[in-house]
Structure formats: C-alpha cells, structure tokens
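Chain by chain, the residues:
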Amino acid sequence: MRVLGVDPGLTRCGIGVVEGVPGRPLTMLGVGVVRTPSDADVGPRLVAVEAGIERWLDEYRPEYVAVERVFSQHNVRTVMGTAQASAVAMLCASRRGLPVALHTPSEVKAAVTGSGRADKAQVGAMVTRLLRLDAPPKPADAADALALAICHIWRAPALNRLQQAHAAARKAPTTVRKVTR
C-alpha cells in the first residue's frame, strides 16, 4: 500500500509518501513541504499548494491519500488556512479517483507513539524509528505528514472491514416479524 500523507497548511503543507503493509517494515519514499509566502493573497497560495500536491501525486502515484482532519483552534485565521489547504488536498486526490482518509491529530499520535497526547518531538522520534531514518524529518510538518501515512497504513485494513460491514448491513434485507400473543 502506498500512501501520500498531507499535513495541511497554507504556509507549510507537509507531504510524505510511505509504502508498506501492517506488520512489516515500512519504507519512506519521499518527504517534503509545499511552501507559500505568508504575505501573498489566499488564492495564489491555494494554487501553489495544489500545484505542489499534484507534483507529488504525479511522481509517487499513491493508492491512498491521508489528510489530517482539521480541528478547532483558537486562531480562526490559522484554522481557515488549514481547512482550505486540506480541501485542496482532498480535491486533488478525488479528481484522480484516489480514496481520501481523514485522521485526527490525536488518532495519528496514538497510532504512531501509543499516546494521543504525544508532542511533536515524540512523533518525530517515532517516525524516525519506524522508517529507519538517520534523523527526524524537518520541519515538523514533514514528519507529521509521514505519521499520517503510517497511521493510515496501519488503520486502513480495520477501517475497510468496518466500512464493508456497514455497507453489507445497509444492503441486507430487513425482515419484519409479526409478534402474536
């Protein structure tokens, strides 16, 4: 399974590609950051994020895209930029017919470190260990993107089974029995 992880952001959008299957060593294929100038207008910045994500999709041809689910922050401006970059990533993947999975920050931290409250240093350290890297990817947005991809690889089989069970339950004929007394 090849997954493109996206840690969305308008100034720094972390991108990481990981390949592997649960229970086996994982391989990092690429990691980086799509950057935009903070003093530019939002429209051109979103176009730059889109172009960057498209280049990664072209080069690495992932089977899945995992994006960090936007959560509420106190800074509305920051959360808006994050949500906009997240939407661009989902749009790029969906345009290509790639499945998109959203994972919360605490879900990713728990999957990679064992604790949903892990700090950025702990996430970076575990990503380094799991992918057998010499040093944690910099900046933290890049490490977070790899953590998203790892989380998806490990959780996708269980999520797929849940989705299949849910779909089967919706399709199953319902029977109504008359209760007599």
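Further up the page is the structure itself.
Residues numbered from 1 in each chain as written. Predicted model: local features only at pLDDT ≥ 70, side-chain atom pairs only at ≥ 80, totals over all residues. Heavy atoms only, no water.

This part takes up unusual backbone geometry. If a residue is not glycine, its phi is most likely negative; likewise, a peptide bond is most likely trans. With an omega of -10°, the peptide bond between K138 and P139 qualifies as cis. By the secondary structure assignment, P139 is in the loop between α4 (120–130) and α5 (140–171). The backbone phi angle of R61 is positive, close to 45°, even though this residue is not glycine. Positionally, R61 belongs in the loop between α1 (42–60) and β4 (64–68). Even without a glycine there, the phi angle at R132 is positive, about 55°. (Helix = DSSP H or I, 4+ residues; strand = E, 2+ residues; numbered from the N terminus.)

Next up on the list: helix α2 (residues 76–95). Its 20 residues place the ends of α2 28 Å apart at the C-alpha level, agreeing with the 28 Å of an ideal helix rising 1.5 Å per residue. At its buried positions, α2 is contacted by β1 (2–7), α1, β4 and β5 (100–103). Two residues or fewer after α2 comes G97, characterised by a positive phi angle close to 80°. (Expected span 1.5 Å × (residues − 1). Contact = heavy atoms within 4.5 Å.)

Within the fold, S86 resides in helix α2. The class of S86 is buried, set by a relative accessible area of 3%. Dropping the residues within four chain positions of it, S86 is found in contact with P8, V67, E68 and V70. (Buried < 20%, exposed > 50% of the residue type's maximum accessible area, 1.4 Å probe, protein only.)

This paragraph deals with the packing of α1 against α2. It is the contact of α1 with α2, at a shortest axis distance of 9 Å, that shows an interaxial angle of 40°. Classified by the interaxial angle, the pair formed by α1 and α2 is oblique. Our pair here, α1 against α2, has a crossing hand that is right-handed. Each of V42, L46, V49, E50, I53, E54 and L57 in α1 lies in contact with α2, whose residues at this interface are Q84, A85, V88, A89, C92, A93 and R95. Along the lines of polarity and charge, the residues of the contact of α1 with α2 split into 10 nonpolar, 1 polar and 3 charged. (Axes fitted to C-alpha atoms, helices over the stretch in contact; angles between N-to-C directions. Parallel < 35°, antiparallel > 145°, perpendicular 65-115°, else oblique. Left-handed = near helix turned anticlockwise from the far one by under 90°. Nonpolar A, V, L, I, M, F, W, Y, C, P; charged D, E, K, R; others polar.)

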